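The lines below spell out each chain.
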Amino acid sequence: MWRWLAEVAAVAVKDLRAEFRTRVAINSLALFALTTLAAVSYTIGPYRLADEDRPFLLSVLLWIVVFFAALAGLDRSFVKEEESHTAPLLRLAAAPTVVWAGKLLYNLCLIVILMAMLVPLFCILMGFKIVMVWHFVGLLAAGGFALAVTTTIVAAIIAQAMTRGALFSVLSLPLLLPLLIFLIQGTTAASTGDLEIFAESLRAVLSMAGIMTVVSAWLFPVVWSD
Amino acid sequence: MVSAVITGISISFSDLAKRYDLRVIFRSVSGEVLPGEVLVINGPNGSGKSTLMAILCGLLRPSRGEVRYRRQDGSIVPRDRWRRHLGVVAPAMAVYEELTALENLGFFVRVRGLSVGLEQQRRLLERVGLDPDRTTPVRGYSTGMAQRLKIAQALLHSPEVLFLDEPGSNLDPAGQDWLEGHVAELIEAGRTIVLATNDRREMGWGSRRVALAG
């Protein structure tokens, strides 16, 4: 088990090291997130929404920004391996489960960086008050994990296809849409302090994350091998 | 020096065919290579040398036929374990250009779960003619230097089976001489080598041959 974890960490560290030297994915994530955030905060700002609409509308805006920024940056992990012809050596060196878990860990790191940068900024610029802060942090963690699991397997699938750019969004949207709805519902509940709705949403998000993890772990070796 | 292999692996393949949709790459290819031997695959451009190599090392599945890895005690190595026993150098396989040579080797050591220390990795780089202290990422390497790193990567875990696809390409004369000497050491140590090449000098290393038609 420890050896497997060390191999997974090796894949993730390799990807992070390469990413911090080229900054392709991080720049895509940051550029999309900051541009969208700037546009939203400039046009809507903290005072243009009615008080009763604020929790729901700001939750929608927050997750739209996170969601599309993630789609802009997370499709690269496998495409890069194929385009730079490093995938065959990785296939020969590592077990498929190691590659899947390593790429998942790498995408998770990118999402954590994205959320750590974006969410506090969004809350400050938009005046978004969260009543249940720690609950909200838990929801962000669960949502980030579900987002990472889904984008990792979709990125692996599209890396084998010819029309990569369009396919990532086409495959991701139907898989992520239900998740997005529950994340918005949970964030609204965390903002208003509705514990019952929050718990319901968190359960749904965790269930989706669990299902996607099992399906991805089962599907990945088939996708990764020829 | 190459350490002697206690249990060599032989590879046999029969009636192999590969087609992509309606395009037939090759059909009815059979052969065998034993420990201490070099199987040379040659043929004109586009005849499927690299495809056959990819099938033999488990990266591709054949459309027909089968490949078997057999230990010297007669037992069969399952397909999902082939990768532990083989090293590959091929033009279509690259190392990570954002990392340095030593970082590349370090990554393959960790991801393969090997116990090859930093000093051994440095010695291996020196052996293939690269400076282990060079901090330039591989992106800044010449094609010959990148080829030397690919060879080091393939030798890292002292594999019983070595697949070499045009190994001398981009190497300078000194590099080609070193490669020839090292292949001779590997044969001596009982390694099984599969070599895809059209280079007359490299073809001379072979003890068996599969010629693919164009």
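A brief report on the enclosed structure follows. (Residues numbered from 1 in each chain as written. Chains lettered and ligands numbered in written order. Predicted model: local features only at pLDDT ≥ 70, side-chain atom pairs only at ≥ 80, totals over all residues.)

This brings us to the overall build of chain B. Looking only at helices and strands, chain B features seven helices and nine strands. Expressed along its principal axes, the backbone C-alpha trace of chain B runs to roughly 50 × 40 × 30 Å. Sorting the 214 residues of chain B into buried and exposed places 41% on the buried side. The long-range fraction of contacts in chain B, counting pairs at least 24 apart against all pairs at least 6 apart in sequence, stands at 73%. (Helix = DSSP H or I, 4+ residues; strand = E, 2+ residues; numbered from the N terminus. Buried ≥ 20, exposed ≤ 12 C-beta atoms within 10 Å, placed from the backbone. Contact = placed C-beta atoms within 7 Å.)

Let us look at the overall build of chain A. The helix and strand inventory of chain A stands at nine helices and zero strands. What you see in chain A, going N to C, is helices and strands ordered as α-α-α-α-α-α-α-α-α. Against the 2.2 N^0.38 benchmark of 17 Å for 226 residues, chain A shows a C-alpha radius of gyration of 18 Å, consistent with a compact globule. Projecting the C-alpha coordinates of chain A onto the three principal axes gives extents of approximately 55 × 35 × 30 Å. Nonlocal contacts in chain A, meaning residues at least 24 apart in sequence, comprise 83% of its contacts between residues at least 6 apart. (Rg over C-alpha atoms; globule rule 2.2 N^0.38 Å.)

Here the focus is helix H3 (residues 101–111) of chain B. Within an α-helix, residues lying three or four positions from one another point in the same direction, as the helix has 3.6 residues per turn. With respect to burial, H3(B) is a largely interior element, nine of its eleven residues being buried. For H3(B), the full list of buried residues reads Ala101(B), Leu102(B), Glu103(B), Asn104(B), Leu105(B), Phe107(B), Phe108(B), Val109(B) and Val111(B). Elements that come into contact with the buried residues of H3(B) comprise helix H1 (2–22), helix H5 (87–93) and helix H6 (96–126) of chain A together with helix H4 (118–127) and helix H5 (143–155) of chain B. Once H3(B) finishes, Gly113(B) follows within two positions and takes phi at roughly 65°, a positive value.

Before going further, it helps to spend a moment on unusual backbone geometry. Residues and elements named next belong to chain B. Here Asp15, not a glycine, exhibits a phi torsion of approximately 55°, which is positive. Residue position: Asp15 is located in strand S1 (residues 9–20). Of the residues examined, Asp15 has 12 C-beta atoms within 10 Å and is grouped as exposed. Positive phi outside glycine occurs at Asn170, with the angle close to 75°. When the 17 C-beta atoms within 10 Å are taken as the criterion, Asn170 is described as partly exposed.

All names here are of chain B. Strand order across the open sheet formed by four strands is S2-S1-S4-S5, with antiparallel pairing between neighbours. Two strands in the sheet have a free side with no partner beyond their single neighbour: strand S2 (23–33) and strand S5 (76–77). On the sheet, helix H1 (residues 49–56) packs against S1, S2 and strand S4 (64–71) and is oriented at approximately 125° with respect to S1. (Pairing = 2+ DSSP bridges. Axes fitted to C-alpha atoms, helices over the stretch in contact; angles between N-to-C directions.)

Right, let's talk about the packing of helix H3 (residues 54–73) of chain A against H6(A) for a bit. Residues and elements named next belong to chain A. It is at 11 Å that the axes of H3 and H6 come closest, and there the two elements cross at 150°. By the angle between their axes, H3 is roughly antiparallel relative to H6. Crossing of H3 over H6 shows right-handed handedness. Together, Leu58, Leu62, Val65, Val66, Ala69, Ala70 and Gly73 of H3 and Leu110, Ile111, Leu114, Met115, Leu118, Phe122 and Met126 of H6 make up the contact between the two elements. The class makeup of the residues in the contact of H3 with H6 is 13 nonpolar, one polar and no charged. (Parallel < 35°, antiparallel > 145°, perpendicular 65-115°, else oblique. Left-handed = near helix turned anticlockwise from the far one by under 90°. Nonpolar A, V, L, I, M, F, W, Y, C, P; charged D, E, K, R; others polar.)

Between two packed helices, both the angle of their axes relative to each other and the distance between the axes serve to describe the pair. Residue and element names in this part refer to chain A. For the pair helix H2 (residues 24–43) and H3, the least separation of the axes is 8 Å and the interaxial angle reads 155°. With respect to H3, the axis of H2 lies roughly antiparallel. As for the relative orientation of H2 and H3, their crossing is right-handed in sense. On H3, the residues that touch Ala25, Ser28, Leu29, Phe32, Ala33, Thr36, Leu37 and Val40 of H2 are Leu61, Val65, Phe68, Ala69, Ala72 and Gly73.

Okay, H6(A) next. Residue and element names in this part refer to chain A. The end-to-end C-alpha separation of H6 is 43 Å, in line with the 45 Å expected for 31 residues at 1.5 Å each. At Met115, H6 shows its strongest bend, of approximately 25°. Backbone geometry just after H6 places Gly127 at a positive phi near 60°. (Expected span 1.5 Å × (residues − 1). Bend = angle between axes of the 7 residues up to and from the residue.)

Residue and element names in this part refer to chain B. Structurally, the position occupied by Ala146 is in helix H5. For Ala146, a count of 19 C-beta atoms within 10 Å puts it in the partly exposed group. Taking C-alpha positions, Ala146 is 14 Å from Thr135, a pair spaced eleven residues apart along the chain. Setting aside its immediate chain neighbours within four residues, Ala146 contacts Val95, Val138 and Tyr141.

Once that is clear, we can look at the sheet that holds strand S8 (residues 192–196) of chain B. Residue and element names in this part refer to chain B. Judged by pairing direction, the sheet is parallel, and its five strands sit side by side in the order S6-S7-S8-S3-S9 without closing on themselves. Because the sheet does not close on itself, it has two edges, and the strands there are strand S6 (86–89) and strand S9 (208–211). Between one strand and the next, the sheet's axes are offset by a mean angle of 15°, whatever the strand orientation. In the packing of H1 onto the sheet, the strands contacted are strand S3 (38–42), strand S7 (161–165) and S8, and the crossing angle to S8 comes to about 155°. Against the sheet, H5 touches S6 and S7, its axis set at about 170° to S6.

Keep in mind these values describe shape, not function.
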